[in-house]
Amino acid sequence: MSQENVEAIRTAIGSGPSALLAILDDEVEWDYVGAFPEVVSYHGPQQVGEFFREWMSGFDDFGFEAREIIDAGEAVAVHLHQWGRGKDTGAEVESRTWQVFTFRGDKVVHCRGYATKTEALEAIGLSE
């Protein structure tokens, strides 16, 4: 199933937020770890979708892409590059983070962000 998971993530990220939401399990837990030290969790595709809409609404020309995808069986680590231009300020911003997507069957049941590749790999039992 692992290659199918890699392809599912590659296709979903390449196709946009709606495609990513489509591969989420009804009970998905999405742990957002961003610029703040605390973790904010979203449960179910509806909450994750609301988070996506709120996040993207602050930007013009928002986009994201997978820069690297690492197969770890039931989990897939993704180096995610995001960019946009602030609606209010016009400032161009970008970020590069790591996301680990854990699958059960053909659906994502958990996603968590990490600041570094090392952290993401450790989370899935791999090392650089």
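Read on for a plain summary of the structure. Everything quoted here is computed from the prediction, not taken from an experiment.

## Points about the nonpolar core
Here is step 1: Of all hydrophobic cores here, the largest spans 23 residues; its most connected members are Ile9, Trp30, Val48, Phe101 and Val108.
Here is step 2: Broken down by secondary-structure element, the contributors of at least two residues to this core are α1 (2-15), α2 (17-22), β1 (24-32), α3 (44-57), β3 (59-72), β4 (75-86), β5 (92-104) and β6 (107-114).
Here is step 3: Counting residues per element, this core draws most heavily on α1, which supplies four residues.
Here is step 4: Once residues within four sequence positions are removed from consideration, isoleucine 9 is found in contact with Ile23, Ile69, Val76, Val78, Phe101, Phe103 and Val108.
Here is step 5: Of all hydrophobic cores here, the second largest spans nine residues; its members include Ile70, Trp98, Ala120 and Ile124.

## Some remarks on the pairing of β3
Here is step 1: Pairing between β3 and β4: eleven bridges, direction antiparallel. Note that in β4 the partner of glutamate 65 across the bridge is histidine 81.
Here is step 2: Counted between consecutive antiparallel strands, the loop separating β3 from β4 contains two residues, among which glycine 73 sits at a positive phi close to 75°.

## Re the sheet that holds β5
Here is step 1: With mixed pairing, the six strands of this open sheet are ordered in space as β2-β1-β6-β5-β4-β3. Edge positions in the sheet fall to β2 (40-43) and β3, since each of these pairs with one other strand and no more. The average undirected angle you get between the axes of adjacent strands in this sheet is 20°.
Here is step 2: In terms of strand pairing, β1 meets β6 through four bridges, oriented parallel. Directly across from leucine 24, in β6, lies its bridge partner valine 108.
Here is step 3: The strands touched by α1 are β3, β4, β5 and β6; relative to β3, the strand with the most contacts, the crossing angle is about 170°.
Here is step 4: Sheet contacts for α3: β1, β2, β3 and β4; angle to β1, the most-contacted strand, approximately 45°.

Calculation criteria
Residues numbered from 1 in each chain as written. Predicted model: local features only at pLDDT ≥ 70, side-chain atom pairs only at ≥ 80, totals over all residues. Heavy atoms only, no water. Core = buried A, V, L, I, M, F, W, Y, C linked by side-chain atoms within 4.5 Å. Buried < 20%, exposed > 50% of the residue type's maximum accessible area, 1.4 Å probe, protein only. Helix = DSSP H or I, 4+ residues; strand = E, 2+ residues; numbered from the N terminus. Contact = heavy atoms within 4.5 Å. Pairing = 2+ DSSP bridges. Axes fitted to C-alpha atoms, helices over the stretch in contact; angles between N-to-C directions.

Worth remembering: the numbers are spatial, not functional.
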